[in-house]
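Below, each chain spelled out in residue letters.
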Amino acid sequence: MSKSKKMTLSKKQNLMGWVFLAPGAVLIFIMSFVPMFRALVLSFKSGVGANMKWSGVSNYVRMFQDTVFVQSIKNTFFYLIIQVPVMLIFALILASILNNKDLRFKGLFRTMIFLPCATSLVAYAIIFRSLFANNGLVNLVLVNLGILDQPYAFLTHTTSARIVIIIALLWRWTGYNMVFYLSGLQNIEYSVYEAAKIDGASAVQSFFKITVPLLKPTILLTAIMSTNGTLQLFDESVNLTNGGPANTSITMSHYIYDMSFKYVPNFGYAAAMSFLILVLVAVLAFLQMKVGDKRD
Amino acid sequence: MKRKILAALLASTMVLSLVGCGGGSAETPAAPAADSGAAEEAPAAEEAPAADAETPAAAGGDETLTVWCWDPAFNMNAMYEAEKVYQKDHPNFKLNVVETPWDDIQTKVTTAATSGDLSTLPDIFLMQDNAFQKNVLAFPDVCMDLTNSGVDFSQFAAGKTAYSVIDGKNYGVPFDNGAVVACYRTDLLEQAGLTIDDFTDITFDQYLENGKKVLEATGKPLISMQAGECDLIMMMLQSAGASLFNEDGTANIVGNDTLKTVMETYKSLKDAGVLTEVNSWDEYVGDFVSGNVAGTINGCWIMASIQTAEDQSGNWAITNMPSLVGASGATNYSNNGGSSWAVTTNCANPDLACDFLASTFAGSNELYDNILPSGALATWAPAGDSSAYGEPNEFFGGDAVSAKIVDFATKVPTNITGAYYYEARNAVATAITNYINGSDLETELQTAEQTINFNMQ
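What counts as what
- Residues numbered from 1 in each chain as written.
- Chains lettered and ligands numbered in written order.
- Predicted model: local features only at pLDDT ≥ 70, side-chain atom pairs only at ≥ 80, totals over all residues.
- Heavy atoms only, no water.
- Contact = heavy atoms within 4.5 Å.
- Buried area = accessible area lost by both parts, 1.4 Å probe.
- Salt bridge = Lys/Arg side-chain N within 4 Å of Asp/Glu carboxyl O.
- Polar contact = N/O pair within 3.5 Å; in protein donor to acceptor, adjacent residues only side chain to side chain.
- Helix = DSSP H or I, 4+ residues; strand = E, 2+ residues; numbered from the N terminus.
- 1 Å grid on protein atoms, 1.4 Å probe; cavity = no way out; pocket = protein on both sides within 12 Å on 5 of 7 lines; lining within 4 Å.
- Points joined across faces, edges and corners; volume = space filled by probe spheres on them.
- Pairing = 2+ DSSP bridges.
- Axes fitted to C-alpha atoms, helices over the stretch in contact; angles between N-to-C directions.
- Domains from an automatic or database assignment.
- Right-handed = clockwise from strand over helix to strand, strands pointing away.
- Nonpolar A, V, L, I, M, F, W, Y, C, P; charged D, E, K, R; others polar.
- Parallel < 35°, antiparallel > 145°, perpendicular 65-115°, else oblique.
- Buried < 20%, exposed > 50% of the residue type's maximum accessible area, 1.4 Å probe, protein only.

With respect to the interface of chain A and chain B
Then, number 1: Listed per partner, the contact involves 30 residues of chain A and 31 residues of chain B.
Then, number 2: Considering only the side of chain A, the residues that lose the most area to chain B are Arg62(A), Tyr263(A) and Val264(A), jointly responsible for 22% of the buried surface there.
Then, number 3: Between the two partners, chain A and chain B, sit one salt bridge.
Then, number 4: Arg129(A) is the salt-bridge partner of Asp282(B), the closest N and O atoms lying 2.9 Å from each other.
Then, number 5: Applying the counting rule to chain A against chain B returns ten residue pairs in polar contact (both at pLDDT 80 or more).
Then, number 6: Secondary-structure elements contributing two or more residues to the side of chain A that touches chain B are helix H3 (67-98), helix H12 (252-262) and helix H13 (267-292) of chain A.
Then, number 7: Among the elements that line the side of chain A that touches chain B, the one with the most residues is H12(A), at five residues.

Quick look at the layout of surface pockets
Then, number 1: The calculated volume of the second largest pocket comes to roughly 1100 Å³.
Then, number 2: In terms of lining residues, the second largest pocket is bounded by 50 residues, among which Asn134(A), Ala153(A), Thr156(A), Glu277(B) and Val278(B) are the most central.
Then, number 3: Elements represented by at least two residues in the lining of the second largest pocket include exactly helix H6 (137-144), helix H11 (235-241) and H12 of chain A together with strand S9 (275-278), helix H11 (281-289) and helix H16 (421-436) of chain B.
Then, number 4: Ranked by residues supplied to the lining of the second largest pocket, first place goes to H16(B) with five residues.

Things to note about the sheet that holds strand S10 (residues 295-299) of chain B
Residues and elements named next belong to chain B.
Then, number 1: Taken together, the three strands give an open sheet; going across it, the order is S10-S7-S11, and neighbouring strands pair in antiparallel fashion. On the outer flanks of this sheet lie S10 and strand S11 (316-319), each paired with one strand and no other. Here the average twist between neighbouring strands, direction ignored, is 25°.
Then, number 2: As paired strands, strand S7 (residues 180-185) and S11 are joined by four bridges and run antiparallel to one another. Residue pairing in the sheet places Arg185 in a bridge with Trp316 of S11.
Then, number 3: Docked against the sheet, H11 engages S10 and S11, running at close to 130° with respect to S10.

Remarks on the domain arrangement of chain B
All names here are of chain B.
Then, number 1: Here chain B is partitioned into domain 1 (54-177 + 337-385) and domain 2 (180-333 + 396-456).
Then, number 2: The centre of domain 1, based on its C-alpha atoms, is set 29 Å off from the matching centre of domain 2.
Then, number 3: Of the roughly 1500 Å² buried where domain 1 meets domain 2, counting both sides, 64% is carbon and sulfur surface.
Then, number 4: Summed over the shared surface of domain 1 and domain 2, the result is zero salt bridges.
Then, number 5: The interface formed by domain 1 and domain 2 contains two residue pairs in polar contact (both at pLDDT 80 or more).

Side note on the pairing of strand S2 (residues 94-99) of chain B
Every regular strand shows the same layout, with side chains that alternate between the two sheet faces.
Residues and elements named next belong to chain B.
Then, number 1: Where strand S1 (residues 64-69) lies against S2, six bridges are found, and the strand directions are parallel. When the bridges of S2 are listed, Cys69 appears paired with Glu99.
Then, number 2: Crossover connection from S1 via helix H3 (residues 75-87) to parallel S2: handedness right-handed.

Notes on the domain arrangement of chain A
Residues and elements named next belong to chain A.
Then, number 1: Parsing chain A into structural domains produces domain 1 (2-42) and domain 2 (67-292).
Then, number 2: Here the C-alpha centre of domain 2 lies 36 Å away from the C-alpha centre of domain 1.
Then, number 3: With four residues of domain 1 at the contact, the number on the domain 2 side is four residues.
Then, number 4: Summed over both sides, the interface of domain 1 with domain 2 buries roughly 330 Å², with 85% coming from carbon and sulfur.
Then, number 5: At the boundary of domain 1 with domain 2, the tally comes to zero residue pairs in polar contact (both at pLDDT 80 or more).
Then, number 6: When the residues that make up the side of domain 1 that touches domain 2 are grouped by side-chain class, the tally is four nonpolar, no polar and no charged.

A word on the packing of H3(B) against helix H13 (residues 350-359) of chain B
All names here are of chain B.
Then, number 1: Where H3 contacts H13, the axes come no closer than 10 Å and their chain directions differ by 100°. Compared by their axis directions, H3 and H13 come out roughly perpendicular. Facing Met79, Ala82, Glu83 and Tyr86 of H3, the residues of H13 in contact are Leu352, Asp355, Phe356, Leu357 and Ser359.
Then, number 2: Residues of the contact of H3 with H13, tallied by class, amount to six nonpolar, one polar and two charged.

Things to note about the sheet that holds strand S6 (residues 172-174) of chain B
Residues and elements named next belong to chain B.
Then, number 1: Read across the sheet, five strands follow the order S2-S1-S3-S12-S6 without closing on themselves; strand pairing throughout is mixed. Each having just a single partner strand, S2 and S6 make up the two edges of the open sheet. Within this sheet the neighbouring strands show an average axis-to-axis angle of 30°, counted without direction.
Then, number 2: Summarising the sheet, S1 and strand S3 (residues 124-128) pair through two bridges and their orientation is parallel. Residue pairing for S3: Trp68 is matched across the bridge by Phe125.
Then, number 3: Packed onto the sheet, helix H4 (residues 102-115) meets S1 and S3 and runs at close to 110° relative to S3.

Details of the pattern of salt bridges
Residues and elements named next belong to chain B.
Then, number 1: Counted by the stated rule, this structure contains twelve salt bridges over all chains.
Then, number 2: The residue Glu209 makes a salt bridge to Lys212 at a minimum N-O spacing of 3.8 Å. In this pair, Glu209 and Lys212 are both assigned in helix H8 (residues 204-218), three residues apart and thus about one turn of the helix distant.
Then, number 3: For Glu209, a relative accessible area of 43% puts it in the partly exposed group.
Then, number 4: The exposure class assigned to Lys212 is partly exposed, which follows from its relative accessible area of 37%.
Then, number 5: For Asp271, the salt bridge identified is with Lys267, shortest N-O distance 3.1 Å. Here Lys267 and Asp271 lie together in helix H10 (residues 257-272), a separation of four residues that amounts to about one turn.
Then, number 6: Counted as one network, the salt bridges with shared partners bring together Glu229, Asp231 and Arg425.

Okay, here's the thing in structure tokens:
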């Protein structure tokens, strides 16, 4: 009697676990995985608008012959290679400064640095666009200081347009990553730093010898998230530079959007390009895990 | 305890809202069912016409049409006026105008057409002229063929109607006028010793010379344009009746002498400083409103933006645009922007929709007089004879601008938009940007043609 009751209890608990899991799992399955599967099927079709036909892997071949798409891949990797390391280093430095126990108004500084992250992507992109406009604040300041003779068209030159996008991304996302580092730092005993100090370690030494190694899992997490985010970059390209000048700042997602909604729609091709992003994200995350995670 | 109550309240709110969403989505499939039953249940359908925004098909039984368009002050207002005009003969007639931005209309049409369920579409919607060919090609089931609908298309400006003609069939009733006007600040021209007559019926060579004088006297360029958007290029091209496509739909870039002339003209304006490029639409509008440039060239709808600078009233004048030099068929007239009404195949009462459009937008002087104050200029030729169009406009120095524009509109050469208009436009924008920065024109045009051909594969 008592034995059978025990069995039912463990079974009951098991069942309860599944009941709690089920709604979320079902929703994720229907909302995420079914569309992903449908998109995969779609990526093997081609055609204009609603007239889709099976076309095998032609979409996947096509995208590497598409000069604009290849350009967009290059642009996206340009952002990735420059922006992600710079941002993570900044975030790490800021986090270790703000982790100092003796610093006053810590909460205020933390909030201020995190706040950009609460702004809308479109709104901040448009504000950056007007900041760097020909008659925008940046040009106004530079001209009045005598650094420039006449306003420089930041967004109509390739290099400066890309740099503006990177600056915008840094402003928007550094604080976000800093918060991860700050929470990671809470797990490092403050006494470790004190001991290092007593042993004569400088601030730089304790940063590289204590903070960085102990934060490695968090750094890995932020690196993967930032890589993922940068590969899917969309709002900044659309609103800040509109892909220009001459497609030299367009991102992959922006081009996919154009292909689906601005141009004569070819959803099969657009879906195939989206899957390339998925593959890129997966490969890069895998590499980062292999390089960064030495736990086993 | 308080926290627990709060948590419970929040949780129940979320659950309720979830249920609400579920209910909402369950309603949509029910719409076609309501359609089939509408004939017997006509009184029931009439009881809640306003609530039926999501289910236009349900309106089939009575004389209600659902319309999607986007500007309350402009095209929505025009629809309300049209409703009033039509109601005089059809007292039971009703319009349900739903404000839907163009980007949303495009997305909704795309979604409905690709899913094969057209029941979510309205009876009539407004379509950007430049997107017309693309949508009819990509979604042939969406728009109804209006060729024999009773609308007399010959009374519209030919250059305008051409946007919505595909394979010789009319799919749209032209609405607003996009005839190109050249607007100038007469007070600034005066400082350079010029008048509006020096800019009327001129060529781009004269425009360049005049521009240099204005630049010297005032330090201001004549015009600014949005970089990466080739509006002016497209206007110049159409002014000579040239297109980026051939009749058979193939790209017409390499060996298109008019396009080459256009590119060279644009670069010479840019190099001389007569034309400056800005990054965004706001900057473009800001430039002429705040007097950074001495004028602009664009579709006549731009005059609404110009007139927001109330302090400059009387200092503006409009005339026709400069013509290209050395291009065959060059004129001083072109078109940019504008939209047309399309009837969807989801329309339960196509005869009513066609008759409504034929007797209002294609047949009512009264309607066009009523909507003139909102800046909606007719492309319907008979409307131009109305006395309302001859009234002077104080902002533009007492000139009868409306009559002038209707006259311009009738002289606009026809050209081929092509389904791949946006692709071609972007490719040409890339070419002009690189060309201005010093690339070889022939190479850039070849790249542009390759890009377009690749997109059309």
